[in-house]
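Reading the structure
The residues making up each chain are set out below.
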Amino acid sequence: MGLQQFEQRLERMVEGAFSKGLRGGLQPIEIGRRLTREMDLLRRVGVRGLIAPNFFVVTLSPQDAERFRSFVDVLARELGDAAREHARTENYGFVGPVEVEIHLDEGLRSGRFTVEADVVEGPDGLPAASLVLPDGARVVLESETLVIGRLPECAVVLNDPNVSRRHAEVQRRGSEVVVVDLGSTNGTRVNGVPVGERPLADGDEITVGTTAIRFEMS
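Residue numbering note: each chain is counted from 1, following its sequence as written. Totals for whole chains, interfaces and linings use every residue, but because this is a predicted model, local features are given only for residues with pLDDT of at least 70 and side-chain atom pairs only at 80 or more, for both listing and counting. Heavy atoms throughout the structure, all of them, feed into the side-chain values; hydrogens and water do not.

1. Brief notes about the side chain of His86
Of note, His86 is situated in helix H5 (residues 72-90). Among the polar contacts made by the side chain of His86, one reaches the side chain of Asp40 at a distance of 2.9 Å. Here, residues are in contact when the closest pair of their heavy atoms is within 4.5 Å. Beyond its immediate chain neighbours, meaning those up to four positions away, His86 contacts Thr36, Met39, Asp40 and Tyr92. The numbering of helices and of strands both runs from the N terminus, where a helix is a DSSP run of H or I of at least 4 residues and a strand a run of E of at least 2. Polar contacts here mean pairs of N or O atoms no more than 3.5 Å apart (in protein, one a potential hydrogen donor and the other a potential acceptor; neighbouring residues in sequence count only if both atoms are side-chain atoms).

Structure, rendered in structure tokens:
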């Protein structure tokens, strides 16, 4: 990975906090290692291969919760990304979106923490799927079709003059997820290839206008 990249990304995002107040105490990389270990320990055989936990509760001591307070949302998001990267490396699947919650336990001493992991099905029992936008925001695909375009009522609104008002849509068809071009002016591409309609695989890049969106089965 994964985990080293996870720590490097966090270090950049918290602007020097690692080299100041965070050194010497509990490190996010320790939480990341425990989280991925729980995935390995609790994986199980599913219909389509190995299924890993996708819902995690990280519990911190009051002291560590205070140290991480200014970037706790970033930490939760990066831990979720670490779980997704680990799943790709180990060929694990998820049955629902990856979620990480961070809680506080007054009874924990500084440096101590717990990670609880569970397999939680997504809405309507659908397999996990999401779109990752250029800014890193993640849009979880549920049962409803997602429309991509410039109109404010689109599920994914893009400020790109090369994107049509209603450019493309992403929809579930049984176990598949399909992208469909909606007659856009500049077309829709998947991994650089123009498409009218195409099933998506984990890691595919959807390009609308000049904007690239990554599809992930997580």
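2. Side note on the sheet that holds strand S13 (residues 193-195)
Strand order in the open sheet formed by six strands is S7-S6-S16-S15-S12-S13, and the pairing between neighbours is antiparallel. In this open sheet, the two edge strands, each paired with only one partner strand, are strand S7 (138-140) and S13. Mean inter-strand twist for the sheet, computed between neighbouring axes without regard to direction, equals 30 degrees. Bridge count for strand S12 (residues 188-190) against S13 is three bridges, and the pairing is antiparallel. Within S13, the residue paired with Val190 across the bridge is Val193. Strand pairing is defined by DSSP finding a minimum of two bridges between the two strands. Simply put, an axis is a line fit to the C-alpha atoms, just over the touching stretch for a helix, and the angle between two N-to-C directions goes from 0 to 180 degrees.

3. Things to note about the pattern of salt bridges
Definition used for salt bridges: Asp or Glu carboxyl oxygen within 4 Å of a side-chain nitrogen of Lys or Arg. Overall, the coordinates contain 10 salt bridges when judged by the stated rule. Between Arg67 and Asp64 there is a salt bridge, with its nearest N and O atoms 2.8 Å apart. With Arg67 and Asp64 both in helix H4 (residues 62-67), this residue pair falls three residues apart, about one helical turn. Each residue is placed in one exposure class: buried if its accessible area under a 1.4 Å probe, protein chains only, is under 20% of its type's maximum, exposed if it is over 50%, and partly exposed if it falls in between. Note on Asp64: relative accessible area 1%, which makes it buried. A salt bridge links Arg173 to Glu197; the shortest N-O distance between them is 2.7 Å. Here Arg173 is found in strand S10 (residues 168-173), whereas its partner Glu197 is found in strand S14 (residues 197-199), with 24 residues between them in sequence. In this structure, a network of salt bridges that share partners links the residues Asp81, Arg84, Glu85, Arg88, Arg138, Asp202, Arg214 and Glu216.

4. Considering unusual backbone geometry
The backbone phi angle of Asn91 is positive, close to 60 degrees, even though this residue is not glycine. According to the relative accessible area criterion, Asn91 is exposed, its value standing at 63%. A positive phi is found at Asn191, a non-glycine position, where the angle reads about 55 degrees.

5. Considerations on the packing of aromatic side chains
Two aromatic rings are characterised by how far apart their centres lie and by the angle between their planes. Planes of paired rings set the category: under 30 degrees apart is stacked, over 60 is edge-to-face and the rest tilted, where pairs are Phe, Tyr or Trp rings (Trp by its six-membered ring) whose centres lie within 6.5 Å. Under the defined criterion, the tally for this structure stands at one aromatic pair. We note Arg34 situated over the ring of Phe113; from NZ or CZ to the ring centre the distance is 4.2 Å. Ring-over charges, as used throughout, are those where CZ of Arg or NZ of Lys falls within 6 Å of the ring centre and within 35 degrees of the ring normal.

6. Some points on the sheet that holds strand S11 (residues 176-181)
Pairing within the open sheet is mixed, and its five strands lie in the order S9-S8-S10-S11-S14. Looking at the sheet topology across the chains shown, the edges are occupied by strand S9 (156-157) and S14. The sheet contact formed by S10 and S11 spans six bridges and is antiparallel. Note that in S11 the partner of Arg173 across the bridge is Glu176.

7. Here we look at the pairing of strand S8 (residues 146-149)
Burial along S8 is two-sided: the residues Leu146 and Ile148 and Val147 and Gly149 are all buried. Of the strand pairs in this sheet, S8 and S10 are connected by three bridges, and their pairing is antiparallel. Looking across to S10, one finds that Leu146 is bridged to Val170. Relative to S9, S8 runs parallel, the two sharing two bridges. By the bridge assignment, Gly149 is partnered in S9 with Val157.

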